[in-house]
Amino acid sequence: MGSVTGAVLKTLLLLSTHNWNRVEAGNSYDCDDPLVSALPQASFSSSSELSSSHGPGFARLNRRDGAGGWSPLVSNKYQWLQIDLGERMEVTAVATQGGYGSSNWVTSYLLMFSDSGWNWKQYRQEDSIWGFSGNANADSVVYYRLQPSIKARFLRFLPLEWNPKGRIGMRIEVFGCAYRSEVVDLDGKSSLLYRFDQKSLSPIKDIISLKFKTMQSDGILLHREGPNGDHITLQLRRGRLFLLINSGEAKLPTTSTLVNLTLGSLLDDQHWHSVLIQRLGKQVNFTVDEHRHHFHAQGEFNFVNLDYEGNVSFSCSQPQSMPVTFLSSRSYLALPDFSGEEEVSATFQFRTWNKAGLLLFSELQLVSGSILLFLSDGKLKLNLYQPGKLPSDITAGVGLNDGQWHSVSLSAKKNHLSVAVDGQLASAAPPLGPEQIYSDGTYYFGGCPDKSFGSKCKSPLGGFQGCMRLISIGGRVVDLISVQQGSLGNFSDLQIDSCGISDTTWTIIQHNGSDLTRVRNTNPENPYAGFFEYVASMEQLQATINRAEHCEQEFTYYCKKSRLVNKQDGTPLSWWVGRTNETQTYWGGSSPDLQKCTCGLEGNCIDSQYYCNCDADRNEWTNDTGLLSYKEHLPVTKIVITDTGRLHSEAAYKLGPLLCRGDRSFWNSASFDTEASYLHFPTFHGELSADVSFFFKTTASSGVFLENLGITDFIRIELRSPTVVTFSFDVGNGPFEISVQSPTHFNDNQWHHVRIERNMKEASLQVDQLTRKTQPAPADGHVLLQLNSQLFVGGTATRQRGFLGCIRSLQLNGMTLDLEERAQVTPEVQPGCRGHCSSYGKLCRNGGKCRERPIGFFCDCTFSAYTGPFCSNEISAYFGSGSSVIYNFQENYLLSKNSSSHAASFHGDMKLSREMIKFSFRTTRTPSLLLFVSSFYKEYLSVIIAKNGSLQIRYKLNRYQEPDVVNFDVKNMADGQLHHVVIHREEGVVFIEIDNNTRRQVHLSSGTEFSAVKSLVLGRILEHSDVDQETALAGAQGFTGCLSAVQLSHVAPLKAALHPSHPDPVTVTGHVTESSCVAQPGTDATSRERTHLFADHSGTIDDKEPLANAIKSDSAVIGGLIAVVIFILLCITAIAVRIYQQKRLYKRSEAKRSENVDSAEAVLKSELNIQKAVSENQKEYFF
């Protein structure tokens, strides 16, 4: 066992069984006990609390202690509620309530878990569904069963959204049971040895099951040898798990006896990962964290008293490492330089999949300039910028966007600048000069704040997205907990104490042709043929490819006077062969019908006459490289080259491994429309072992999922009643039944998981996370299950008691049945399954629409001002002085009817009788124009901040009347804080809401319809408009500050300007840049974004005239006093005129001010009458 000396550094949990013993990761008893109600007060903690009566200890479900629940001091997306369960538990469900008798409740949240209270991991369901829908009121309980369950000691609830008319409020309960497991801690030089009894019979079914966690990216987890030379090795390489199997049938390993498979990534995150290797005969399943690879092994296995050597301890150490995740390109972490040294010094580690992004920025004092440390094309670049000098660059590392942790050390001291990557010192920059260099006091990690904060930070390639840890400045480690609590530094859009990046899991299958191979002296009569032998058999390869959603191989073909095609007659001179044994003449990046190379598709071949670079036939090296991704032709098994026989003619090629990702079987499903409908498959052969699993959802009260009959034997799985699932079978000993009863209904149109197992010793049934039920087999009874009929899915042979609903991911002994393929040729059964949105539709936020897919769903953000997988990422922008965004609904409304853009739905001859407007803003300038909508008939809507800081909404729906003015003068709206505006008009009634609390309903006198809408303007009005004086003044000044999530009905102008998906009629003038000035909706105005400023930037700022000449002459003072007196008199006159106007404009509306607010809120819920077809370009697929 000397090969085991590379054991993984950290903890392994190893459970192995044979001869039909079942692997249990936990307990087999009922695991649904309440875990929180009996915990002491000290077990509860939180990010903050509103008051002592709102503390986390009052967050128990259904309790009314204190103020009736936990509420944080401020409501924003950085708050959390934490529970310490005292020991590692298995958590199977969670439940939430709002604050008792209040308007405080959470409508969506994240769930995090940890073993140590550090390094949190986000809970994910079905590998993508990660958000939980919360409560709709304060006292109802929303209960979620966790599939899979969580094994952890600490849980943390992170509110995402909450009642917009209240604040965050939570009461919670957690359900589960104690979790016990044996652990062993290994130090990289130690090993644990288990010797099997060689006299025992070879088992029919073998299982290896373990869980591990580590911070090291490489090491051997397990190595097992049999008596005939067969062995299995489970090895971690660069955070990926490799399974190497040699069946031992040959003296030397060959491609038919050696299997090398890869699953998982980023497995060195110090979180538990589960590994399961199952063998039934020659069928082997390899599973890592729910990702499964199935293959057919060659030959038989004889798998190999407990002993250990080295430094082994049977307890689990908990190293503390606190990472931070930069969630978006707008994330940043600003930290002060508390070292006090005459140098710039910083060290940190990072991991990312992105090729570019800012890592660190710092301004320099004395030596005017700045230091930028950033990723570019996967390389680290250090840029020293000094005015009047050429920038100095240092480049270090390569391929640093590989998802691995990389260490960086930056030092600038006594005019010397250097940087080291992964311990390797890069070449030093030229001397800086004689001056000492100092940081300006602030280090920006990962990105820059928007310009409104006064920062000089620059990020030429955008922000960093990934994780950092072990950040230190001047040799002092940064306390990220202090950052999180607000006592140190400043940040935006971070997730502290968690590394949340993830990667698509690929199955990688290697071959013998990965090295570059050069070819000379060939011609059509003497061709070169290169063959590729894979580490898996063709049967295994075909099964892997068929199961995957996507497969690809990178093919690199270098050429010098070597053509792919004869340009005279089009005869191929080089070609390749795939698993169908057909000749293929298309190359990387192309599809079979195009017969081109990548450059031909992109239109950038070195000779535009040809579709491939090699066909230019030049006497210099060039290449045609790209991905082959047509699954039916993969993998590549052979390449033939015939054109390297001329003088100076040569070719070279390199083929990458076969890469496959996704699991088609997970969403492979069928819908059964009638009780008489069913799918039939060949007889199920489960004589000695039956392992069946599937998902179902239904609204019917009963129905048979699966049935297979013999002469007397049978097997049947059915929904017996709304709360009972039954597994019945007969192997010659008489019928047996096992039932699982649920406290809640199974016919709730939600997905439920069923797993049955039957072997010679026992039979079992488990549904969801409910208690597993077992039935021992008779000691002296029959053991063979003998079936001979077809397998019926969704029905029975009698065509009675059939199942109504959906079944997906049906697996029998590890093999997935293709329900969709069979459903396509079966009456009354539909391939795929609709209704995913009924289960997951609530995850689509901010007007995003849940759209069905046969293999899942996606959130369509086309008509939302937000983006992201769940339409939850707001789009905001910083507007510089004089800038504007103009969305033209129609240049000439007579031509607009032929347009297909969103704007075309506002036809020139259309009367717009209603609109919904939403946006958020932050500014310190007055007057300001926030939003202006114009028409061709001199009608308009303007939203402005007047000189006195009041917010005014001005509707002019009749060109011959004065505008209706709604004035909000409760406070100064140009206070540098974030404010939210909702305007909803239904004909002559306008409902307005400011900052989620100030509401007003107004009846317009100027009209009820908006005719021929022309354009929407954000910022400065550039063209002359016939508007009132206040609007004209604000329009001339424009807007300086942040605007976010701007939406007019279905039009989102900021989204069209900053994230164009199709040609939108939008024009951007001046300095408009994407910014992080706002955060999640529903937050208090004063705390919307978790941003702590080093300086106070509130108040009106005039950047054109700096403060000077503080001491004025006496005459200037006297003149100033006279001006003030005149100004006061003018103000009194203006106020009198304004009061008279207000009385006239609102005379009709005063009688209706006392109407029930519910009627106005009902208007908000009405459906807009302006709809448009879905744009395919905006769809975001994440399943």
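This one's a predicted model, so the numbers in the text were calculated from it and none came from an experiment.

Enquirer: How would you explain the overall build of the protein chain if you had to name every residue and give the values?
Expert: A count of helical and extended segments in the protein chain gives 10 helices and 78 strands. Across the 1183 residues of the protein chain, 55% fall into the buried class. As presented, the protein chain carries roughly 50800 Å² of accessible surface, and 50% of it is formed by carbon and sulfur atoms.

Enquirer: If you had to explain the packing of aromatic side chains to someone new, which residues and values would you point to?
Expert: Tallied over the full model, the rule gives 30 aromatic pairs. Between F532 and Y653, the aromatic rings sit 6.1 Å apart at their centres with planes inclined by 80 degrees, giving edge-to-face as the arrangement. Of this pair, F532 sits in the loop between β37 (528-531) and α2 (538-547) while Y653 is found in strand β43 (residues 650-655), placing the two residues 121 residues apart along the sequence. Take F532 and Y653: they sit in the same class, and that class is buried. Every member of this aromatic cluster is reached through a ring pair, and the members are F672, F694, F696, F705, F746 and F803. When the ring centre of W80 is taken as origin, the NZ or CZ atom of R156, which lies over that ring, is 3.8 Å away. The side chain of R808 reaches across the aromatic face of W751, ending 4.3 Å from its centre.

Enquirer: Describe in detail the state of the cysteines, supporting the description with residues and values.
Expert: In this structure the tally under the stated criterion is 10 disulfides. Each sulfur in the disulfide pair C467 and C499 lies 2.1 Å from the other. Across the S-S bond linking C467 and C499, the dihedral sits near 100 degrees, which makes this disulfide right-handed. With C467 in strand β31 (residues 466-473) and C499 in the loop between β34 (494-496) and β35 (506-509), the pair connects residues that are 32 residues apart, well separated along the chain. Exposure remark for C467: the relative accessible area of 0% places this residue in the buried category. Assessed through its relative accessible area of 22%, C499 is described here as partly exposed.

Enquirer: Run through a nonpolar patch on the surface, naming residues and quoting values.
Expert: A surface patch of nonpolar side chains, amounting to about 290 Å² of accessible area, comprises L516, Y558 and W621. Tracing the backbone through its elements, the reader meets L516 in the loop between β35 and β36 (517-519). The partly exposed category is assigned to L516, whose relative accessible area is 47%.

Enquirer: I'd like to hear about the sheet that holds strand β49 (residues 714-721), residue by residue, with values.
Expert: Note: strands within a sheet are paired through backbone hydrogen bonds, in either parallel or antiparallel orientation. As summarised here, the arrangement of the 6 strands in space is β46-β55-β48-β49-β50-β51, forming an open sheet in which the pairing is antiparallel. The outermost strands of the open sheet, each flanked by one partner alone, are β46 (679-681) and β51 (736-741). The mean angle between the axes of side-by-side strands here comes to 15 degrees, regardless of whether they run parallel or antiparallel. One ladder, built from 6 bridges, connects strand β50 (residues 724-730) with β51; its direction is antiparallel. Opposite F729, over in β51, you have F736 as the bridge partner.

Enquirer: Run through the pattern of salt bridges, naming residues and quoting values.
Expert: The full count for this structure, using the stated rule, is 26 salt bridges. Put simply, E986 and R914 hold a salt bridge, and the shortest N to O gap is 3.4 Å. Note that E986 is positioned in strand β71 (residues 979-986) and R914 in strand β66 (residues 914-923), a separation of 72 residues in sequence. Taking the relative accessible area as the measure of exposure, E986 reaches 17% and is therefore buried. Salt bridges linked by common partners bring R563, D617, D643 and R646 together as one network.

Enquirer: Any details on unusual backbone geometry? Residues and values, ideally.
Expert: Here the amide bond leading from L634 into P635 is cis, since omega sits at 0 degrees, within 30 degrees of zero. Turning to its location among the elements, P635 is positioned in the loop between β41 (622-628) and β42 (638-641). Following T926, the chain continues into P927 via a peptide bond in cis, with omega recorded as -15 degrees. Along the chain, P927 falls in the loop between β66 and β67 (928-935). At D422, a position not held by glycine, the phi torsion is positive, near 50 degrees. Within the fold, D422 resides in the loop between β28 (416-421) and β29 (424-425). Of note in the backbone geometry, N846 takes a positive phi value of approximately 55 degrees without being a glycine.

Enquirer: Let's hear about the sheet that holds β71: which residues, and what values?
Expert: One open sheet accounts for 7 strands, arranged β73-β72-β71-β66-β76-β63-β78; its pairing is antiparallel. Whereas interior strands pair on both sides, the edge strands pair on one side only; in this sheet they are β73 (998-1003) and β78 (1072-1074). Here the strands of the sheet are splayed against their neighbours by 20 degrees on average, with no regard to which way each runs. Pairing geometry for strand β72 (residues 989-994) and β73, over 6 bridges, is antiparallel. Pairing of I994 across the sheet is with T998, part of β73.

Enquirer: Hey, could you go over the environment of L1054 for me, with residue numbers and the actual values?
Expert: Looking at where L1054 falls in the secondary structure, it is placed in helix α8 (residues 1053-1058). Residue L1054 is classed as buried on the basis of its relative accessible area, which comes to 1%. Each residue touching L1054, except ones within four places of it in the same chain, is listed here: I875, S876, A877, F879, V885, L1018, L1043, S1044, A1045, V1046 and H1059.

Enquirer: I'd like a rundown of the nonpolar core, residues and numbers included.
Expert: Counting 43 residues, the largest nonpolar core has F919, L931, L951 and I953 as its most contacted members. Among residues more than four places away in sequence, those in contact with I953 are L941, S942, V943, D964, V965, V966, F968, I983 and I992. If you look at the next biggest cluster of nonpolar residues, it comprises 42 residues, including V324, L360, L410 and V483.

Enquirer: Got a sec to walk through helix α7 (residues 1029-1037)? Specific residues and values, please.
Expert: Those residues of α7 that fall on the buried side of the exposure criterion are T1031, A1034 and G1035. Along the axis of α7, the buried positions cluster into a sector of 100 degrees, meaning they face one direction only. Where α7 is buried, its residues contact β67, β68 (940-945) and β69 (951-956). Two or three places before E1030, at the start of α7, stands the capping residue D1028, its side-chain oxygen 3.2 Å from that residue's backbone nitrogen. Residue G1038 follows α7 closely and has a positive phi angle near 75 degrees.

Enquirer: Lay out the environment of L627 with the relevant residues and their values.
Expert: Among the secondary structure elements, L627 is positioned in strand β41. Between the alpha carbons of L627 and F555 there is a distance of 6.2 Å; along the sequence they are 72 residues apart. Dropping the residues within four chain positions of it, L627 is found in contact with E552, Q553, E554, G588 and G589.

Enquirer: Which residues make up α2, and what values do they have?
Expert: Regarding α2, the residues found buried are Q540, L541, T544, I545 and R547. Burial along α2 is one-sided: seen end-on, the buried residues are contained in an arc of 170 degrees.

Enquirer: Break down the pairing of strand β9 (residues 171-178) for me, with residues and values.
Expert: Among the 8 residues that make up β9, 8 are buried, leaving the element largely enclosed by the rest of the structure. Two elements, strand β2 (residues 33-34) and β9, share 2 bridges in a ladder whose sense is antiparallel. Of the residues in β9, the one forming a bridge with D33 is G176. Pairing geometry for strand β4 (residues 81-97) and β9, over 8 bridges, is antiparallel. Note on β9: the bridge partner recorded for V91 is G176.

Enquirer: Just give me the short version of the environment of L360, but keep the residues and values in it.
Expert: With respect to the element layout, L360 can be found in strand β23 (residues 357-365). We classify L360 as buried; its relative accessible area is 2%. Measuring from C-alpha to C-alpha, the distance between L360 and F445 comes to 4.5 Å, with 85 residues separating the pair along the chain. Setting aside residues up to four positions removed in sequence, L360 forms contacts with A346, I371, L372, L373, L410, Y443, Y444 and F445.

Enquirer: Mind laying out the confidence of the model for the protein chain, listing which residues take part and the relevant values?
Expert: On average, residues of the protein chain carry a pLDDT of 77, and 75% of them reach 70 or more. No element of the protein chain has a lower mean pLDDT than helix α10 (residues 1157-1165), which averages 28, and none a higher one than β50, which averages 95. Long-range and interchain partners of residues 249-257, a stretch whose pLDDT sits below 50, account for 16 contacts in this model, where long-range means more than four residues apart. Throughout residues 891-909 the model reports pLDDT below 50, and contacts reaching past four residues in sequence, or to other chains, amount to 40 contacts.

Parameters and conventions
- Residues numbered from 1 in each chain as written.
- Predicted model: local features only at pLDDT ≥ 70, side-chain atom pairs only at ≥ 80, totals over all residues.
- Heavy atoms only, no water.
- Helix = DSSP H or I, 4+ residues; strand = E, 2+ residues; numbered from the N terminus.
- Buried < 20%, exposed > 50% of the residue type's maximum accessible area, 1.4 Å probe, protein only.
- Areas by Shrake-Rupley, 256 points an atom, 1.4 Å probe, with all protein chains shown as cover.
- Phe/Tyr/Trp six-rings, centres within 6.5 Å; stacked < 30°, edge-to-face > 60°.
- Lys NZ or Arg CZ within 6 Å of the ring centre and 35° of its normal.
- Disulfide = S-S within 2.5 Å.
- Patch = residues over 30% accessible without salt bridge, like charges linked within 9 Å, V, L, I, M, F, W, Y side chains within 5 Å.
- Salt bridge = Lys/Arg side-chain N within 4 Å of Asp/Glu carboxyl O.
- Pairing = 2+ DSSP bridges.
- Axes fitted to C-alpha atoms, helices over the stretch in contact; angles between N-to-C directions.
- Contact = heavy atoms within 4.5 Å.
- Core = buried A, V, L, I, M, F, W, Y, C linked by side-chain atoms within 4.5 Å.
- Arc of directions from axis to C-beta.
- Polar contact = N/O pair within 3.5 Å; in protein donor to acceptor, adjacent residues only side chain to side chain.
- pLDDT = per-residue confidence, 0-100.

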